[in-house]
Structure formats: structure tokens, C-alpha cells
Amino acid sequence: MIGDLVSGSESSKLVLIEDSIDSCGRNLLLSYIISLSNRIDEIHLILYDVRGQDTCEEIKSLGIQNVKIHDASKDLLGWEKSPGLGLHTDIKAYIKEKISLGSKSVAVVFDSLSPLLTHKSPPYTCKTLHGLAFSADLGSQVQQVVGLIHGDLHDDNSFTLIHHTVTTVHRLVPTLTSYSMFSCNTLHKKASGKVIRIKESFNITEDFRVTGVAEVKQLTQSVPQDQNQLDPAANLPFNLSLSEKEKEARSQVVLPYTYNKERNLYLLNLLEKGRFFINQMRLMTLMRRIQMMTLTFELLSL
């Protein structure tokens, strides 16, 4: 997966490379730059990080001509009020002015996004990335935006917003194999909506080509049970289990919610007797009323 993403055979509009103090991601960033230089007319490299000078030196040593470097690390916060690039600069408008005439395809690379995310809000960073990747204001079509970010410097809430904005996340982790130099967890959102999560190990050559990509499968090891494990119910003063006689006695107990034919017949008989008694009482009451009415008529006839 990571080889296809770097080479461009698998498209991704917004790529985030998340490294840490244990696993540096600048080599993978250079792999993206080298690959983009072979298929993109113009690459704009935004340097927010002082360590970005190392990236510039590698690019110059490789003789790449279509990379334009914009150094914002010299006056990042604008304290010296220099007219150059800084965190206060509108990146989209700045890149629009710097695009050469006739360039049909452009890529923007950040080294790194951590100063922007630290001194600006996470929504501002997401808006900047989304505006570069999907805005129609730029004269040339932005094919890809790639950003390096240092995972040790930011909280999970900030990363949640960034991950929601980008289409691919490479999270570099320490490698556990002897045959690879790098390992990363990749989350890739396809154009169809399918989300792929994969862990891979790989190598990067001296000319920053990704080779030896192999999927790292998670192996689950079953924990063997201890044969000498103690029984917690061994020394209790009472028994937790029933004997055969006790089980037989328990099976003969009639619970109140279970069906019992004899008990149901008994209840029906009681019900019928109750109905007969009620009918007899009603009949006696009716006869008394008739007698009273007869007596009343006789007294009135006198």
C-alpha cells in the first residue's frame, strides 16, 4: 500500500506523515518529493521547521530542479516584521502568486505542519490544508498536498481533526523486524469511500526509493494454562456442589411459576364453586325482592 501511495499509482489528495522521536519521517517525506518530481510540473516546499534545511540539502544534492523552496523558519512568528513567508501568511494566496506560468500540475509539501498546528488552531490548519487541496482558486491544479507532522508535540483532539481532513495517514512506529528499517501504520481513504488500515514494514534506499514493502500481521499468542493452578473452592467450609440425593430432591420441588395440572384443576373447581355460590346469592336476593313487592301490593289493596 505505501509503495503505491508514494509512487502515485494509488491516488491520495492529502497525505499526512506522522513521526515521533523514535521514528523520523523525513526520509519518507523525501520519498514523496522524489516521486512527485517525476510526475508533477512544480513542487512548492514550505519550510516551517528549522530541521527542514536538511530536506533542502538532500534535494540539492539529488539535483531536483522543479522544487521551489519557501523558507518560513527564519521569521516564523513575524517578530522581525520581515516581508517574507511566516505563519501569518495566507498560504493559498502565497502559492497562487508563486506558481509559474504554464504549470499544469502542482504539489505542495510542508516540512513541517507542527509549528502551524502549535501556533494556530487545529481548525485553521485543517482549513489551510483543505483549501490548498480542493480549492479552485489556484491557477494550476493541485495534484497532492503532503505534510510532515511530529506526533509527540500534539494532543489526540488535534490529531482527530487533522485525520478527518486528510485522505491518508502514515504513522511511523519503531520497527520490530531485522530486515526492514521503517514500519508504519497506514490509514487510507479511497475515493469510493472504502477505508483501508494496514501495518507495513519497508526500506528506503539512498536515493529515497521505497523498497521491500511487506505487511506486518498481528500474531495472537494463546496463553498456556497452568497445570498446577489452585482450585479456589478446595478448602471452603461448605459445599458449592450438590450430591445426587440433593439433586433428586431439588428436581421434585414444584416451583410456583411452573405448570402443574392438578393445581390448575383444583383452582378451576374453586372458581366453579365460587360462581355457583354467587348465582345462589343472586337468586335468593331476587326472591326476597319479589316477596317484598307482593307484600307491598297486598297492603295497598286493603
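Just above sits the structure.
Bear in mind that the values here come from a model prediction, so they are computed numbers and not experimental data. (Residues numbered from 1 in each chain as written. Predicted model: local features only at pLDDT ≥ 70, side-chain atom pairs only at ≥ 80, totals over all residues. Heavy atoms only, no water.)

Undergrad: An account of the packing of helix H4 (residues 91-98) against helix H6 (residues 122-134) is requested, with residue identities and associated values reported.
TA: Running from amino to carboxyl end, H4 crosses H6 at an angle of 30°, the nearest separation of the two axes being 9 Å. Of H6, the residues touching H4 (which contributes Ile-91, Lys-92 and Ile-95) are Thr-128, Gly-131 and Leu-132. Its residues assigned to classes, the contact of H4 with H6 shows 3 nonpolar, 2 polar and 1 charged. (Axes fitted to C-alpha atoms, helices over the stretch in contact; angles between N-to-C directions. Helix = DSSP H or I, 4+ residues; strand = E, 2+ residues; numbered from the N terminus. Contact = heavy atoms within 4.5 Å. Nonpolar A, V, L, I, M, F, W, Y, C, P; charged D, E, K, R; others polar.)

Undergrad: Tell me what's going on with the packing of aromatic side chains, and back it up with residues and numbers.
TA: Geometrically, a pair of aromatic rings is defined through the distance of the ring centres and the angle of the planes. Counted by the stated rule, this structure contains 2 aromatic pairs. Considering the side-chain rings of Tyr-48 and Phe-110, the 6.1 Å spacing of their centres and the 20° angle between planes classify their relative orientation as stacked. Highlighted residues: Tyr-48 in the loop between strand E2 (42-47) and helix H3 (52-62) and Phe-110 in strand E4 (residues 105-111), separated in sequence by 62 residues. A relative accessible area of 0% means that Phe-110 is categorised as buried. Judged by centre distance (5.6 Å) and plane angle (15°), the rings of Phe-182 and Phe-202 are stacked. On the criterion of sequence distance, the pair formed by Phe-182 in strand E7 (residues 182-189) and Phe-202 in strand E8 (residues 195-204) is long-range, its members being 20 residues apart. (Phe/Tyr/Trp six-rings, centres within 6.5 Å; stacked < 30°, edge-to-face > 60°. Buried < 20%, exposed > 50% of the residue type's maximum accessible area, 1.4 Å probe, protein only.)

Undergrad: Which residues make up the pairing of E7, and what values go with them?
TA: Consecutive side chains along a regular strand alternate between the two faces of the sheet. The sheet contact formed by strand E6 (residues 168-173) and E7 spans 6 bridges and is antiparallel. By the bridge assignment for E7, His-170 is matched with Thr-186. Two strands pair when backbone bridges link them, and E7 and E8 are joined in this way by 8 bridges, in the antiparallel orientation. Its bridge partner lying in E8, Cys-184 is registered against Glu-200. The hairpin turn running from E7 into E8, its antiparallel successor, is 5 residues long, and Gly-193 in that turn takes a positive phi close to 105°. (Pairing = 2+ DSSP bridges.)

Undergrad: Just give me the short version of the packing of H6 against helix H7 (residues 156-165), but keep the residues and values in it.
TA: Direction vectors running N to C along H6 and H7 enclose 15°, while the axes themselves pass 9 Å from each other. Classified by the interaxial angle, the pair formed by H6 and H7 is roughly parallel. Pair H6 / H7 crosses with right-handed handedness. Residues Pro-122, Pro-123, Thr-125, Cys-126 and His-130 of H6 form the contact with H7, whose own contacting residues are Ser-158, Leu-161, Ile-162 and Thr-165. Split by residue class, the contact of H6 with H7 holds 5 nonpolar, 4 polar and no charged. (Parallel < 35°, antiparallel > 145°, perpendicular 65-115°, else oblique. Left-handed = near helix turned anticlockwise from the far one by under 90°.)

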